[in-house]
Amino acid sequence: MSKTHREVDVAVVGAGAAGLYAALCAAREGAQVALVSAAPLAQTASYWAQGGLAAALASDDSMELHLKDTERAGRGAVRRSAAEILVREAPECVHDLQALGMRFDADRQGRLALGLEGGHSVRRVVHAGGSATGRRLLRALSALVVAEPRIAVLENTRARALWTENQPAYHEQSRPTNSEQSRPSHHEQNHPTNPGRCRGVACEDGRVLSARGVVLSTGGAAAMWARTTNPPGSQGVGLLLAQRAGAQLADLELLQFHPTAVIGVRGREGFLVTEAIRGEGATLHDAAGERFVDELAPRDEVSRAIQARLAQTGASSVGLDMRKIDPALFPNVVGALREAGLDPTRELVPVAPAAHYMMGGVVSDLQGRSTVPGLYAIGEASCTGLHGANRLASNSLSECFVWGRRAARAALDEPLPEPARAEELEALRALSPPPVAGEATRTALWQDAGIERSPEGLERLSNDEHPLARMIALCALERAESRGAHHRSDHPEPDPALEHRHVTLAASGLASWQTWV
Ligand code: SIN
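Residues numbered from 1 in each chain as written. Predicted model: local features only at pLDDT ≥ 70, side-chain atom pairs only at ≥ 80, totals over all residues. Heavy atoms only, no water.

> Residues and numbers for helix α9 (residues 331-339), please.
Those residues of α9 that sit buried are N332, V333, V334, A336 and L337. Buried residues along α9 sit in contact with α4 (133-147), β13 (255-262), α7 (275-279) and β16 (349-358). Phi turns positive, to about 90°, at G341, one or two residues after α9. (Buried < 20%, exposed > 50% of the residue type's maximum accessible area, 1.4 Å probe, protein only. Helix = DSSP H or I, 4+ residues; strand = E, 2+ residues; numbered from the N terminus. Contact = heavy atoms within 4.5 Å.)

In C-alpha cells form, the structure reads like this:
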C-alpha cells in the first residue's frame, strides 16, 4: 500500500454529527475507518445546530405521536417506513450518546429538559447548553473520534471524486441550450444507468482511500442560496459526487426556509434564532406590531406567512419579540445578538426566512444505501423520504444518529473492493472536484427557487452555470404543485395525485417519479 493509497473498511466523507457518529459506530464494530473532513473537526454545519434531537421520551409522548407530527409536517410526502424507524430508534440514540458521555440539559430532578418547537404537539427536543446543542455534540463526538485508534482522521481534506468500478467518465449534465432540453417530458421512466460498485474515494490532495463502504455525510446545499442560515461549505458537494458516480438524487426542489433568520444586523446576517425560543413563548410581529401567524405552526406555514406579510407591507423583516424569554435559556443566541449591538431583552429582533435545510439529496434506503452498491448517504446529504416536503424541526439531528449507526453497520457487510490498479488511481487524481456556487448562482437560486417559484424563474434557473442549480430547477419544474416548502405561483395547491411521490434524477439527468412508502 503506497502512502497515497490506503485501504480501510469504511471511508466516511464529512465530519458533521452523522459522519462522526457513523465513524464511531463502525469503529465500535471493530472496523478500520477513515474520516475525511474538509474543515478542521468540530467546524462543520452541525456545529451551528441550535435545535436538538427530537425523540419521544416524555411521559405524555409516544412514538405514534412523534410519527403523526412528522407526517403532518411533511405534507403528504413522508415515507412512513423511514419515519417509523426514526421515531423508534431516536430514543435509543439519545441514550447511547449519554452513555458516550454527552450531557444534555436536565431539570432539577435530573430528567431531560425537553424543548418545544414548531409542528411538535408536545415537548420532545433534547438539547444541550440551551441552543448550543450542535456545538456541544460536535465537541464531544470529535474528542471521541480523535481518541479512537481505529479511526484515521484526514482533516482539511476534500473529496475530489468517488472511485467506482468501470470508473465512468463523469455523467455531469451538459449545460442545456434551451429549457426544453433540460426538462424531461416523461414520467415513470426507468433510468438507464447501471452504476458500478463504489470502491472508495479520491481526495483533492492526491490520496485515494479504498473501502468496503463509502458513507457520504457531507450535509446539504442551503448555502447555495444567497440568504441562508448555513455556513458557506453547505454546497451540495456530496450530491454532486454521488451523482457523478451514477447515484440517483431526489426531491431537490424541497428546500426548507427557516422562518427566523436575522436580517439587517451587520455581522449577523442569516444568523438563526432557534425555533425553541418561539417554543418558550416568543412572538412574531409585523410593522404595525400585529401578530399574524401561529408561531409554532410547521416551518413552511410560518415562512410563507412572513413572506406574505413582507410583500404586503414592503418591509424587509418582521420583529421577533423575545423580551419575556429568560436570556439564560439561550445564552449563545442572546450573546451573539448583543455582540452585534442588538439587545433582545429590550428590543425586537429583525428576522425573515432564509434557506436552511434540503429535504432532498442522494436517494437512500432504510440502511442509508444509495443506488450505487457500496455507496451510502446519511444526514442532510441523503434523501430517504423521512422529511417529506417539510422537515419537522429537530428530526434531522436524530436522523443523523439513527442512520449513522445503520449505515455504519450495513457498510461492514459489503465485500472487500478489488485491488486498485495504478492507472485507475492516476485517472482518479486527474478528475476535477465538484464546483462551488458563485454569487450569480446564489442570487439566482434565491430569486428563482425561493419561497415562491414561478415557471419562468425556474426555466431561467434551468440554464444556470452550476450543475446542481440546474438539477434543482429541473425537479422544481417537474413538481407542478405546491407542497410543503415548495410553492409554485402557477399551481398554488397540492396535487392529490402527487401524494407520496418523489422526483428522482438519474445520473444521466433524466427525471422520473417514484412512490415511496
Ligand atoms: C432551530 O433550532 O430552529 C433549528 C433546528 C432545526 O433546524 O431543526
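Let us keep going from here.
> Kindly report on the site of the ligand, identifying the contributing residues and their values.
Around the ligand, the neighbouring residues are Q50, G51, H258, L272, T274, E275, R299, H356, R391, A393 and S394. Interatomic distance of 2.5 Å between a side-chain N/O atom of T274 and an oxygen atom of the ligand. Measuring from an oxygen atom of the ligand, one finds a backbone N or O atom of S394 at 2.8 Å. When the free accessible area of the ligand is taken as 260 Å², the share hidden by the protein chains comes to 93%. Residues belonging to the shell around the ligand are distributed by class as follows: two nonpolar, six polar and three charged. (Near = heavy atom within 4 Å. Polar contact = N/O pair within 3.5 Å; in protein donor to acceptor, adjacent residues only side chain to side chain. Areas by Shrake-Rupley, 256 points an atom, 1.4 Å probe, with all protein chains shown as cover. Nonpolar A, V, L, I, M, F, W, Y, C, P; charged D, E, K, R; others polar.)

> Requested: an account of the sheet that holds β16, with residues and values cited.
Strand-to-strand pairing in sheets goes through backbone hydrogen bonds, with the strands running parallel or antiparallel. In space, the four strands of this open sheet follow the order β13-β16-β15-β14, with antiparallel pairing throughout. In this open sheet, the two strands that pair with only one neighbour each are β13 and β14 (283-285). Ignoring strand direction, the axes of neighbouring strands in this sheet form an average angle of 45°. Here strand β15 (residues 318-321) pairs with β16 via three bridges, running antiparallel. From the neighbouring strand, V318 faces β16, where its bridge partner is V351. Strand contacts of helix α8 (residues 299-313): β13, β14, β15 and β16, with the helix running at about 60° to β13, the strand carrying the most contacts. (Pairing = 2+ DSSP bridges. Axes fitted to C-alpha atoms, helices over the stretch in contact; angles between N-to-C directions.)

> So what's going on with the sheet that holds strand β10 (residues 208-210)? Residues and values would help.
Read across the sheet, four strands follow the order β1-β10-β9-β8 without closing on themselves; strand pairing throughout is mixed. The open sheet has two edge strands with one neighbour each: β1 (5-7) and β8 (159-164). Neighbour-to-neighbour, the strand axes of this sheet turn through a mean angle of 20°, independent of strand direction. Sheet topology places β1 next to β10; three bridges connect them, and they run parallel. Note that in β10 the partner of H5 across the bridge is V208. Against the sheet, helix α11 (residues 422-429) makes contact with β1, β8, β9 (198-203) and β10, and its axis sits at roughly 145° relative to β8, the strand it touches most.

> Tell me about the packing of helix α1 (residues 17-28) against α4, and name the residues and values.
Running from N to C, α1 and α4 cross one another at 35°; their axes reach a closest spacing of 10 Å. α1 and α4 meet at a crossing whose hand is left-handed. Contacts between α1 and α4 pair A17, L20, Y21 and L24 from the former with L138, L141, S142, L144 and V145 from the latter. Residues that form the contact of α1 with α4 fall into these classes: eight nonpolar, one polar and no charged. (Left-handed = near helix turned anticlockwise from the far one by under 90°.)

> Break down the pattern of salt bridges for me, with residues and values.
Pairing is possible between side chains of opposite charge, provided their charged atoms come close. This model, assessed by the stated rule, comprises 38 salt bridges. E275 is paired through a salt bridge with R278; the nearest N and O atoms lie 3.4 Å apart. Pair noted here: E275 and R278 are both in helix α7, with a separation of three residues, about one helical turn. Looking at R278, the relative accessible area reads 2%, which means it is buried. Here R442 ties to E439 by a salt bridge, and the two come within 3.2 Å at their closest N and O atoms. A residue pair is termed a helical-turn pair when its members lie 3 or 4 positions apart in one helix, as R442 and E439 do in helix α12 (residues 439-448) at three residues. Here E439 falls in the exposed class, since its relative accessible area comes to 54%. Salt bridges sharing partners connect three or more residues here, namely D251, E253, R479, E481, R483 and E499. (Salt bridge = Lys/Arg side-chain N within 4 Å of Asp/Glu carboxyl O.)

> So, the nonpolar core: which residues are in play, and what are the values?
The biggest cluster of nonpolar side chains holds 58 residues, and the ones touching the most others in it are L162, W225, L252, L375 and L468. Residue contributions to this core peak at nine residues, all from helix α14 (residues 467-478). L35, L67, L386 and A408 belong to the second-largest nonpolar core, a separate cluster that totals 55 residues. (Core = buried A, V, L, I, M, F, W, Y, C linked by side-chain atoms within 4.5 Å.)

> Which residues make up α14, and what values do they have?
The first and last C-alpha atoms of α14 sit 17 Å apart over twelve residues, in line with the 16 Å expected at 1.5 Å per residue. Across the twelve residues that make up α14, a large majority, twelve, are buried. Every buried residue of α14 is accounted for by P467, L468, A469, R470, M471, I472, A473, L474, C475, A476, L477 and E478. (Expected span 1.5 Å × (residues − 1).)

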